[in-house]
Amino acid sequence: MSLPLKIAWRYLVSKKGHQAVNIISIVAVCGVVVATAALICVLSVFNGFRGLIMGKLAMLDPQVAITATMGKTVNDAESVIDAISAIPGVERAIPVIEDQALAMYAQMQMPVRLKGVPDDYNTMNGMDSIIVDGEWKLRDQVSRFAVAGAGPAVRLMVRPDFLGMVRLYAPQRQGHVNIANPMGAFRQDSLFVSGIFQLQQNSYDADLIYVPLDMARDLFDYDSEATQIEVKLAPGANEQQVMDNMAHALGKGYQVKNRLMQQREAYRLVNIEKWVAFLLLAFILVIATFNVISTLSLLIIEKDESIATLRALGANDSQISRIFVLQGWLITLVGAVTGVVIGLVLCLCQQQFGWLRLSGDPANMIISAYPVEVQWTDVLITFALVAAVGLLTSTVTALIMRRRLSPNKL
């Protein structure tokens, strides 16, 4: 350890000549500690919410979705599926049809979003885990069924054990409208409800109804088209590499998206909130830096006699300045390390015990406590911010010492 560093460390831990300097030194270190710990905790909470959203959406969103770049549908979906299925890492690819329709049950009606899928679509995702009433079933030997979101189930007042059938209406895509017979402009079908799902995500629960794929094709007047191709990857497959191979095999007429790309707006909103909170806490950390600068200024004034002694012993101005610059770095470093440790401990305790609870009725919430997920990139970013603050502190300290050691000040 160099001599300036030893002296700086002694100045930091030793008792100061004036009690006010001791108090300000403690406040300076505590300010850095609290701001750093808050950064770690807040970023980890946003990571937890982001992971929660991804985990929920992963239950319904496909691992990879393929859509047409131009137009609404993928023409000749089976040939596209054949080309995709030949790519290593692809376990299964299926066509789906999604469009708007009108659902009616008894005297109730509402616009809904129909999604036609194969009968075993629940093997592609975690659908079975979010069924809250009934079961996943799209057909039996006699009838066809629908699996409805919680929103349509409530608004239409329909349940799996009801004997009535839900009627579905969709406008014809081709042909002319007969004004004398407006209902002739609609294609219609009906089916029973076998199950109700609830994802706790409004974009899915509010209006989504799953129906058999062949029924959706008849209702929306499609033949071999599909609005989207959904792909399930084999376990251990490299997602990005498989997506690159798909894009190369299909060409520019198709878009290949993973879950993050499919829900870009939701993830973008969470990330914006996360980094806005980071900037606010970073501003608080910069304000806390002024306490460090104040502490160093008072310490420089208090150590006038020590500075004169050091100069008498042969220390030059550069060495003396380095002592107080290093002390500024030490205050920042000690505060940063302590803050990170405290932040990590608080996050681990929250993960384990869930001390901080969300307000509201736990029966109606996905989780009852704030979720946290520590990411080492956030820890590194926090350290980088504290290092930048330390650089600011040392720069200001060097300017103060330069003025203090100038000849007209001695």
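This text follows the structure it describes.
Residues numbered from 1 in each chain as written. Predicted model: local features only at pLDDT ≥ 70, side-chain atom pairs only at ≥ 80, totals over all residues. Heavy atoms only, no water.

Asks: Would you mind showing me how to read the overall build of the protein chain here?
Replies: Along the protein chain, the regular secondary structure elements total 12 helices and 10 strands. On C-alpha atoms alone, the protein chain measures out to a radius of gyration of 32 Å, which is more than a quarter above the 22 Å that the 2.2 N^0.38 rule sets for 410 residues. In terms of overall dimensions, the protein chain has a C-alpha envelope of 105 × 50 × 45 Å along the principal axes. Scored against the burial criterion, the 410 residues of the protein chain give a buried share of 44%. (Helix = DSSP H or I, 4+ residues; strand = E, 2+ residues; numbered from the N terminus. Rg over C-alpha atoms; globule rule 2.2 N^0.38 Å. Buried < 20%, exposed > 50% of the residue type's maximum accessible area, 1.4 Å probe, protein only.)

Asks: When you look at the packing of aromatic side chains in this model, what are you seeing that I'm missing?
Replies: Two descriptors summarise a pair of aromatic rings, namely the distance from one centre to the other and the angle between the planes of the rings. Within the structure shown, the criterion is met by 9 aromatic pairs. Ring centres of Phe49 and Tyr370 lie 6.2 Å apart, and the angle between their planes is 90 degrees; on these two criteria the pair is classed as edge-to-face. Taken together, the residues Phe49 in helix α2 (residues 19-57) and Tyr370 in the loop between α11 (317-353) and α12 (376-404) connect sequence positions 321 residues apart. The class for Phe49 is partly exposed, based on a relative accessible area of 27%. Taking the relative accessible area as the measure of exposure, Tyr370 reaches 34% and is therefore partly exposed. (Phe/Tyr/Trp six-rings, centres within 6.5 Å; stacked < 30°, edge-to-face > 60°.)

Asks: How should the pattern of salt bridges be read in this particular structure?
Replies: Where side chains of opposite charge bring their charged atoms close, a pairing between them can arise. Per the stated rule, a full pass over the model turns up 12 salt bridges. The salt bridge involving Arg113 is made with Glu98; its shortest N-O contact spans 2.8 Å. With Arg113 in strand β3 (residues 108-117) and Glu98 in strand β2 (residues 90-105), the pair connects residues that are 15 residues apart, well separated along the chain. Between Asp119 and Arg139 there is a salt bridge, with the nearest N and O atoms lying 2.6 Å from each other. Here Asp119 is found in the loop between β3 and β4 (131-134), whereas its partner Arg139 is found in the loop between β4 and β5 (145-149), with 20 residues between them in sequence. (Salt bridge = Lys/Arg side-chain N within 4 Å of Asp/Glu carboxyl O.)

Asks: What am I meant to see in the environment of Glu135 here?
Replies: Structurally, Glu135 is set in the loop between β4 and β5. Spatially, the C-alpha atom of Glu135 lies 82 Å from that of Asn316, the residues being 181 residues apart in sequence. Ignoring any residue separated from it by four or fewer positions in sequence, one finds Glu135 in contact with Val147, Ser194 and Gly195. (Contact = heavy atoms within 4.5 Å.)

Asks: How should I be thinking about the nonpolar core in this particular structure?
Replies: Nonpolar side chains tend to gather and get buried jointly when the protein is soluble and globular. Core analysis: the biggest nonpolar cluster contains 24 residues, and Val112, Leu114, Val166, Leu168, Ile209, Val211 and Phe220 have the highest contact counts within it. Elements with a minimum of two residues in this core: β2, β3, β5, β6 (166-171), β7 (186-197), β8 (208-212) and α6 (213-220). Considering every element that reaches this core, the biggest residue donor is α6, with 5 residues. When sequence neighbours within four positions are dropped, the list of residues in contact with Phe220 reads Ile97, Asp99, Gln100, Ala101, Leu114, Ala170 and Arg173. (Core = buried A, V, L, I, M, F, W, Y, C linked by side-chain atoms within 4.5 Å.)

Asks: Looking at this structure, I do not really get the pairing of β8. What am I missing?
Replies: Each regular strand displays side chains that alternate between the two surfaces of the sheet. Burial analysis of β8 places 5 of its 5 residues in the buried class, which makes it a mostly covered element. Looking at chain direction, β3 and β8 are connected through 5 bridges and run parallel. In the sheet register, Arg113 faces β8, and the bridge partner there is Leu208. (Pairing = 2+ DSSP bridges.)

Asks: Teacher, can you tell me more about the side chain of Asn125 here?
Replies: As for its position among the elements, Asn125 is in the loop between β3 and β4. One polar contact links the side chain of Asn125 to the main-chain amide nitrogen of Met127, over a distance of 3.1 Å. Excluding residues within four positions of it along the chain, Asn125 makes contact with Met59 and Leu60. (Polar contact = N/O pair within 3.5 Å; in protein donor to acceptor, adjacent residues only side chain to side chain.)

Asks: Quick question: what am I supposed to make of the packing of helix α9 (residues 264-302) against α12 here?
Replies: Helix-helix packing: each pair is described by the crossing angle between the helix axes and the interaxial distance. One way to put it is that α9 packs onto α12 with a least axis distance of 9 Å and a crossing angle of 30 degrees. Between α9 and α12, the angle is such that the two are roughly parallel. Remark: the crossing between α9 and α12 carries right-handed chirality. Here the contact of α9 with α12 is built from residues that sort into 18 nonpolar, 4 polar and 3 charged. (Axes fitted to C-alpha atoms, helices over the stretch in contact; angles between N-to-C directions. Parallel < 35°, antiparallel > 145°, perpendicular 65-115°, else oblique. Left-handed = near helix turned anticlockwise from the far one by under 90°. Nonpolar A, V, L, I, M, F, W, Y, C, P; charged D, E, K, R; others polar.)

Asks: It is not clear to me how a nonpolar patch on the surface should be interpreted in this structure. Could you clarify?
Replies: A cluster of nonpolar side chains, Phe283, Val286, Ile287, Phe290 and Leu392, forms an exposed patch at the surface whose accessible area comes to about 470 Å². When residues of the nonpolar patch are assigned to their parent elements, the largest contribution, 4 residues, is made by α9. One can find Leu392 in helix α12. On the basis of relative accessible area, Leu392 is assigned to the partly exposed category, the value being 41%. (Patch = residues over 30% accessible without salt bridge, like charges linked within 9 Å, V, L, I, M, F, W, Y side chains within 5 Å. Areas by Shrake-Rupley, 256 points an atom, 1.4 Å probe, with all protein chains shown as cover.)

Asks: Quick question: what am I supposed to make of the packing of α11 against α12 here?
Replies: Orientation of α11 relative to α12, taken along the N-to-C sense of each, is 155 degrees, at an axis distance of 9 Å. The angle between the axes of α11 and α12 places the two elements in the roughly antiparallel class. α12 is crossed by α11, and the crossing has right-handed handedness. Of the residues in α12, those in contact with Ile320, Ser321, Phe324, Val325, Gly328, Trp329, Thr332, Ala336, Val337, Val340 and Leu344 of α11 are Trp376, Val379, Phe383, Val386, Ala387, Gly390, Leu391, Thr393, Ser394, Thr397, Ala398 and Met401. Looking at the contact of α11 with α12 residue by residue, the classes come out as 16 nonpolar, 7 polar and no charged.

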